[in-house]
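Listed below are the residues making up each chain.
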Amino acid sequence: MINNFDDIRPFYDEEVQQAIQRLVKESSFLKILAHFFEQADIPLVVENLGKVNSLAQFRNELIYAVVLKLRKDTTAQLSSHGIKQEALQSPCLIISNHRDIVMDSAFLNLLLHEAGINTVQVAIGNNLLVNDMVTDLAKLNRNFTVRRNVPSRQLYEYSHQLSAYIRHVQNSLGESVWIAQREGRAKDGNDQTQPGLLKMLSIAGADEDVIASLKELKMLPLSISYEYDPCALLKAEELYKKKIDGKYEKKADDDLQSMILGITGFKGRVHYQFCNPLNPLFEQIAVEGKSKNDIIKAITALIDREIHEAYYCWPTNYIAFDKLEGEQKFVDKYDAEDLANFEQHLSTLLIRSTIDDKAAIEQEVLHMYAFPVYNKLKYSANNMKEA
């Protein structure tokens, strides 16, 4: 069974040192090290990496040091709620909204590690494996590959392999998995679960019943919120071009630029809100007389509700909402300093934008920040979590 996953799995421990030897010969990798370590310390870092012979050692020797520095340098605060719940004490499938290509899962694993909880394997799209160095780093960091843009004739085969691999990680390796609720980031800030993801997750289950199959995965929704999005301008310009041209043709280095900016850019405060486990909530879904597609739609709505209700709104979200609505509905959620900081952020983005229609870009950015508030308003005001 394990051999069936060779094209998507992370490295095995016995493959780690070979990958490290490839990395330390790469000038680009050495430049990355120079961003996180003093130049005089790099020879020692490389020497220590030469003694690493497992994925766990690689995390302890390099990854945690890097993510700790990123927390210190690029956030004002990293917090979580619900991380001590029982669901995280055994293998589960963490399904979250998706804001940043790298940092969503990197911060998640840091929080789990610091809470004394086993870290997770991470799903990553093959479109992000832009070169051999990135691929080696991803596989050393326990990322497994999700194929994007699969030909329709191969979709079932690839979906079954991925669905089976997630079960293999949980049942054979005893590890949890993180996956985003949709393919790619929610560039407009509107977090919505893709039904196709749930179809894929259920396809390798022991039971043909979709709810019974998904119950095997012990799904746990997670709501991730950033006070500031380092990639806000890139996302806004992409959305604008799609509206004007009807499509957006990615340039060769778009994904790499997004990864670098998302990693190094300032995020302000970042919060991880662990939601309620889905298995007990499945009882809320009426299945009698419903088609499989209808049941999947009901499950996507359930996940969306959990993520939207749990979303930790920052002053930036409330300010953007009030600006769009031309009112002061949430004026009690922010102060003059919050407003000035956000307006400076917005002004900086518009100055940097290469798009002539600044008003349109401003609207895209405001919607991006405001969407979590709009989504929360779908539910009872009593359930709104405040920053």
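Look above for the structure.
A brief look at the structure comes next. Because the structure is a prediction, the values reported are computed rather than measured. (Residues numbered from 1 in each chain as written. Predicted model: local features only at pLDDT ≥ 70, side-chain atom pairs only at ≥ 80, totals over all residues. Heavy atoms only, no water.)

## As for empty space enclosed by the protein
Here is step 1 of the chain: Applying the stated criterion to the full structure yields one cavity of 30 Å³ or more.
Here is step 2 of the chain: Considering the residues around the largest cavity, the lining is formed by R99, Y226, D229, Y311, N317, M368, Y369 and P372.
Here is step 3 of the chain: Of the residues that constitute the lining of the largest cavity, the class distribution is five nonpolar, one polar and two charged. (1 Å grid on protein atoms, 1.4 Å probe; cavity = no way out; pocket = protein on both sides within 12 Å on 5 of 7 lines; lining within 4 Å. Points joined across faces, edges and corners; volume = space filled by probe spheres on them. Nonpolar A, V, L, I, M, F, W, Y, C, P; charged D, E, K, R; others polar.)

## Description of the state of the cysteines
Here is step 1 of the chain: Following the criterion strictly, the structure yields zero disulfides and no others.
Here is step 2 of the chain: Unpaired in terms of disulfides, C92 finds its nearest cysteine sulfur in C275, a separation of 12 Å.
Here is step 3 of the chain: Residue C92 is classed as buried on the basis of its relative accessible area, which comes to 1%.
Here is step 4 of the chain: Overall, C275 belongs to the buried group, its relative accessible area being 6%. (Disulfide = S-S within 2.5 Å. Buried < 20%, exposed > 50% of the residue type's maximum accessible area, 1.4 Å probe, protein only.)

## So, the packing of helix α2 (residues 27–36) against helix α4 (residues 55–74)
When two helices pack together, their arrangement is given by the angle between the helix axes and by the axis-to-axis distance.
Here is step 1 of the chain: Direction vectors running N to C along α2 and α4 enclose 50°, while the axes themselves pass 10 Å from each other. The orientation of α2 with respect to α4, classified from their angle, is oblique. Considering only the axes of α2 and α4, their crossing is left-handed. Packed against α2, whose contacting residues are F29, L33, H35 and F36, the element α4 presents L62, V66, K69 and L70 at the interface.
Here is step 2 of the chain: For the contact of α2 with α4, a count of residues per class yields six nonpolar, one polar and one charged. (Axes fitted to C-alpha atoms, helices over the stretch in contact; angles between N-to-C directions. Helix = DSSP H or I, 4+ residues; strand = E, 2+ residues; numbered from the N terminus. Parallel < 35°, antiparallel > 145°, perpendicular 65-115°, else oblique. Left-handed = near helix turned anticlockwise from the far one by under 90°. Contact = heavy atoms within 4.5 Å.)

## Description of the packing of aromatic side chains
Here is step 1 of the chain: Following the criterion strictly, the structure yields nine aromatic pairs and no others.
Here is step 2 of the chain: Between the aromatic rings of F5 and Y165, the centroid separation amounts to 5.1 Å while the plane-to-plane angle is 75°, which identifies the pairing as edge-to-face. Placement of F5 in the segment before α1 (16–23) and of Y165 in helix α7 (residues 152–171) is noted, with a sequence separation of 160 residues between them.
Here is step 3 of the chain: Classification of F5 by relative accessible area gives buried; the value is 2%.
Here is step 4 of the chain: Here Y165 falls in the buried class, since its relative accessible area comes to 3%.
Here is step 5 of the chain: Three or more aromatic residues link up through ring pairs in this structure, and these residues are Y318, F321, F330, F371 and Y374. (Phe/Tyr/Trp six-rings, centres within 6.5 Å; stacked < 30°, edge-to-face > 60°.)

## Let's talk about the nonpolar core
Here is step 1 of the chain: Core analysis: the largest hydrophobic core is formed by 50 residues, its most contacted members being L62, L88, I94, L108, L140, Y272 and F274.
Here is step 2 of the chain: The dominant element in this core, judged by the number of residues it contributes, is α4, at eight residues.
Here is step 3 of the chain: If we ignore the near neighbours within four places in the chain, the residues touching I94 are L88, L108, V120, V177, W178, I179, L220, L222 and F274.
Here is step 4 of the chain: Membership of the second largest hydrophobic core comes to 34 residues, among which are M219, L281, L302 and I307. (Core = buried A, V, L, I, M, F, W, Y, C linked by side-chain atoms within 4.5 Å.)

## So, the sheet that holds strand β7 (residues 268–274)
Here is step 1 of the chain: One open sheet accounts for seven strands, arranged β1-β7-β6-β2-β5-β3-β4; its pairing is mixed. Both outer strands of the open sheet, β1 (75–81) and β4 (143–146), are each paired with one neighbouring strand and no more. Strand-to-strand twist of the sheet, defined as the mean angle between neighbouring strand axes without regard to direction, takes the value 25°.
Here is step 2 of the chain: As defined by bridge partners, β1 adjoins β7 across six bridges and the pair is classed as parallel. Bridge pairing in β7 links S79 to H271.
Here is step 3 of the chain: Its contacts with the sheet place helix α13 (residues 292–310) against β2 (93–96), β6 (219–226) and β7, and it is angled at close to 35° to β6. (Pairing = 2+ DSSP bridges.)

## Some remarks on the layout of surface pockets
Here is step 1 of the chain: In this model, the second largest pocket occupies a volume close to 280 Å³.
Here is step 2 of the chain: Together, 17 residues line the second largest pocket, and F11, Y12, L55, Q121 and L173 are the ones closest to its centre.
Here is step 3 of the chain: If you list the elements that add at least two residues to the lining of the second largest pocket, you get α4 and α7.
Here is step 4 of the chain: Ranked by residues supplied to the lining of the second largest pocket, first place goes to α4 with three residues.
Here is step 5 of the chain: A class-by-class count of the residues in the lining of the second largest pocket yields nine nonpolar, three polar and five charged.

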